Amino acid sequence: LLQANVINLKTFLSAVRLAHQGNDTGVLPLSPLVPAKNSDVEKPKTKMIITSRRDYPLTKSFPFSLEHLQTSYCKLARIDSRVLCLKKLRRLDLSHNHIKQLPATLGDLVCLQELDLHDNHLEAFSGALCSSGLQKSLQFLDLSQNQIQALPMELCQLRGLVQLRLDDNALLRLPCRIGQLSCLRFLSAARNKLPFLPSDFRRLSLENLDLFGNPFEQPNPLVPNIQLKIPLTLLECAARATVNHRIPYSCHLLPSHLCKDLEVAKTCRCGSACLSSFIQITVTMNLHHVAHTVVLVDNMGGTDAPILCYFCSLDCYSQFLDRHLQSSG
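Note that this is a predicted model, so its numbers are computed, not measured.

Draft legend 1. Representation of helix α4 (residues 234-244) within the structure. E236, A239, R240 and T242 are the residues of α4 that are buried. Angular distribution of buried residues about the axis of α4 spans 160°; they occupy a single face of the element. Packing partners of the buried residues in α4 comprise α5 (256-263) and β11 (273-274). Just beyond α4, the residue with positive phi is R246, at close to 55°.

Draft legend 2. A look at the packing of aromatic side chains. As enumerated under the stated definition, the model contains four aromatic pairs in all. Note on Y56 and F62: the rings are 5.9 Å apart at their centroids and 70° apart in plane angle, and the pair reads as edge-to-face. Judged by relative accessible area, Y56 falls into the buried class, the value being 10%. Put simply, the rings of F311, Y317 and F320 pair up and form one aromatic cluster. Positioned above the aromatic ring of Y310, the side-chain terminus of K266 is 5.8 Å from the ring centre.

Draft legend 3. Region of interest: the environment of S95. Along the chain, S95 turns up in the loop between β3 (91-93) and β4 (114-116). The spatial distance from the C-alpha of S95 to the C-alpha of Y73 is 7.3 Å, given a sequence separation of 22 residues. In this view, S95 contacts T71, S72, Y73, D116, L117, H118, D119 and N120; residues no more than four positions away in its chain are not counted.

What counts as what
- Numbering of residues starts from 1 in every chain and runs along the sequence as written.
- Reporting of local features is limited, given that this is a predicted model, to residues whose pLDDT is at least 70; pairs of side-chain atoms are given and counted only at 80 or more, and all residues count toward the totals for whole chains, interfaces and linings.
- Hydrogens and waters are ignored; side-chain quantities use all the structure's heavy atoms.
- Exposure is judged per residue with a 1.4 Å probe applied to protein chains only, and the accessible area is read against the type maximum: over 50% gives exposed, under 20% gives buried, and values in between give partly exposed.
- Put simply, DSSP marks the helices as runs of H or I at least four residues long and the strands as runs of E at least two long, and each gets a number from the N terminus on.
- Taking the helix axis as origin, the arc is that swept by the directions to the C-beta atoms.
- Contacts between residues were defined by any pair of non-hydrogen atoms, one from each residue, lying within 4.5 Å.
- Centres within 6.5 Å make a pair out of two Phe, Tyr or Trp rings, where for Trp the six-membered ring is used; the pair is then stacked when the planes are under 30 degrees apart, edge-to-face when over 60, and tilted otherwise.
- Two conditions define a charge located above a ring, namely a distance within 6 Å from the ring centre to NZ of Lys or CZ of Arg, and an angle within 35 degrees of the ring normal.

Rendered as structure tokens:
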């Protein structure tokens, strides 16, 4: 009605009044119906870009038809609850704001493919979000330029993830099951505080990898971290057998904390599992083994990084050590 022709609207209202008074339809001032032009029909809005606080809508609702929404440089301290009602969203850009926490209902945006949160004040990315509807939909996640020290293990449940940006945080480690991200092709975690990479990192198959500016430790296979318990506890024996023989388990059969331990069981070089009894070392890995294009790790032109390596027994570690000494001698 706000965009209607004033004269036609007055004529129509006049005809309605006369018809209500019982006048003959033949004398009503009605004009013949003319089909609306395509240019006159307003299509549902699918994209909205807001790049200043001044333009941010405070009283009007966001169109429910939106598929792409960008609200950057708006000084937002939290995600607007109206945004969380946009069930058709495929791309959500909330970069360059002051967001500290993410609501659990963000995971209800089941069509969301791209989520850009870079340059905010985030200190965490919750495991609940990784276990939500985003598991199947999310393909692009940008958490760069925040204050995140650790990511939840559940991040590895985002199996559709193709691109993950983690640059300029305070990350002390990457998720131990990161190799489960089988669709991941672009990973950047430059300028963090990573001392080494998780063992599961070997399973990645990337097109581009950037780990520049991390304080990687110098690997030394001759200085092991020995956590072996001899003889093995009954719990360790049972856990190893469960993983090695792929015995089904769930929270209905075992306490939940045991299930979580089994999910992050370490794998020895011999292929066997170990849980809390193991020998840990760091070894050198050339990053070209997992990525086609590698950004230099440091200013010296290196593409090597330390990666964790586990052994289930002294025997396995001794065999590795013999081979290592032979190859380096």
